[in-house]
Amino acid sequence: MWLRIWHGINALGIIVLIITGLSMQSGIDSGFIMSFDKAVDAHNISGIIVTLNYFLFLIGNLVTSNGKFYIVKPSAFIKRPIKQAKYYSWGMFHGESAPYPLSEKRKFNPLQKYFYILVMYLAVPGAIITGFALLFPELIIEKVYNLSGIFVTAVFHSIIGFVISIFLIIHLYVATIGKSPLENFKSILSGWHHIHHGKK
């Protein structure tokens, strides 16, 4: 239950951050979707909510069994995700069985696991740190190699936001892979996941 609540808040929060971020980056005084001032306020509030929610994710992974799904095993470190990538790009379109079907012991396939670790333990913390730095610019180093520290921080924040946006698009696409396009979205609400093995 806690994981579904976290996932829902995180998804909505990041979508708001992307929309407001695009609005602020548009360079239009009236805003891309909303006025610049309103976009800034909504972006800051959403950022704070996503940050607090991220701590729920960290604590949840420390005190529950969910953390084990983010542990990477050294065996077949490269081979396993490549095998999964081949399935996504070829196998599933030709009725092959998933090489790493989901189960109670395997929440993610190898490719998902690697991307989730990169996003949740590198990209999201990076977005949080740079975001709060921009929220309190007096904390930012004044100059970085003769460049404005605020400018460098803003660029990094935008790049990380772009990476997370691409991840979200891929995440939504992969979520449509199943018995039906909406099946995995229903499981987010119900907590029950249908295992789709495909055909040999």
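Please read these numbers as outputs of a predicted model, since none were measured by experiment.

Draft legend 1. Layout of the environment of Leu139. Among the secondary structure elements, Leu139 is positioned in the loop between helix 4 (110-135) and strand 1 (143-144). Linking Leu139 and Gly149, residues 10 residues apart in sequence, is a C-alpha distance of 9.8 Å.

Draft legend 2. Molecular detail of the nonpolar core. Formed by 19 residues in total, the largest nonpolar core has its most connected members in Tyr54, Phe57, Tyr70, Met120, Val124 and Ile164. Among the elements of the structure, helix 1 (2-25), helix 2 (36-63), helix 4 and helix 5 (149-175) are those that each provide at least two residues to this core. With 8 residues, helix 4 is the largest single contributor of residues to this core. Excluding its chain neighbours within four sequence positions, the residues that come into contact with Tyr70 are Phe57, Asn61, Phe108, Tyr116, Ile117 and Tyr121. Tyr88, Met92, Ala98 and Leu111 belong to the second-largest nonpolar core, a separate cluster that totals 6 residues.

Draft legend 3. Spatial organisation of the environment of Lys73. Structurally, Lys73 can be placed in the loop between helix 2 and helix 3 (79-89). Once the C-alpha coordinates of Lys73 and Pro110 are considered, the two residues, 37 residues apart in sequence, prove to be 9.8 Å apart.

Draft legend 4. Region of the structure containing unusual backbone geometry. We note that Tyr145 has phi near 50°; this positive angle belongs to a residue other than glycine. Tracing the sequence through the fold places Tyr145 in the loop between strand 1 and strand 2 (147-148). Residue classification places Tyr145 among the exposed positions, given a relative accessible area of 80%. Phi at Asn146 is positive, roughly 70°, even though this residue is not glycine. Its relative accessible area of 71% is what places Asn146 among the exposed residues.

Draft legend 5. Main features of the packing of helix 4 against helix 5. Contact geometry for helix 4 and helix 5: axes closest at 9 Å, N-to-C directions at 145°. Relative to helix 5, helix 4 is oriented so that their crossing is left-handed. Across the interface between the two elements, Gln112, Phe115, Tyr116, Val119, Ala123, Val124, Gly126, Ala127, Thr130, Gly131, Ala133 and Leu134 from helix 4 touch Ile150, Thr153, Ala154, Phe156, His157, Ile160, Ile164, Phe167, His171 and Val174 from helix 5.

Draft legend 6. Up close: a positive patch on the surface. Side chains of Lys73, Lys79, Arg80 and Lys83 sit close together on the surface and give a patch of like positive charge. Examined against the element boundaries, Lys83 turns out to sit in helix 3.

Draft legend 7. Main features of a nonpolar patch on the surface. Taken together, the side chains of Ile48, Leu52, Phe55, Ile59, Leu62, Val63, Phe132, Phe136 and Leu139 make up a nonpolar region of the molecular surface, amounting to roughly 950 Å² of accessible area. For the nonpolar patch, the element with the most residues is helix 2, which contributes 6 residues. If you trace the backbone, Leu52 turns up in helix 2. Judged by relative accessible area, Leu52 falls into the exposed class, the value being 60%.

Thresholds applied
Residues numbered from 1 in each chain as written. Predicted model: local features only at pLDDT ≥ 70, side-chain atom pairs only at ≥ 80, totals over all residues. Heavy atoms only, no water. Helix = DSSP H or I, 4+ residues; strand = E, 2+ residues; numbered from the N terminus. Core = buried A, V, L, I, M, F, W, Y, C linked by side-chain atoms within 4.5 Å. Buried < 20%, exposed > 50% of the residue type's maximum accessible area, 1.4 Å probe, protein only. Contact = heavy atoms within 4.5 Å. Axes fitted to C-alpha atoms, helices over the stretch in contact; angles between N-to-C directions. Left-handed = near helix turned anticlockwise from the far one by under 90°. Patch = residues over 30% accessible without salt bridge, like charges linked within 9 Å, V, L, I, M, F, W, Y side chains within 5 Å. Areas by Shrake-Rupley, 256 points an atom, 1.4 Å probe, with all protein chains shown as cover. Salt bridge = Lys/Arg side-chain N within 4 Å of Asp/Glu carboxyl O. Lys, Arg positive; Asp, Glu negative; His and termini not counted. Charge placed at Lys NZ, Arg CZ, Asp CG, Glu CD.

The values reported here are purely geometric and, on their own, carry no functional implication.
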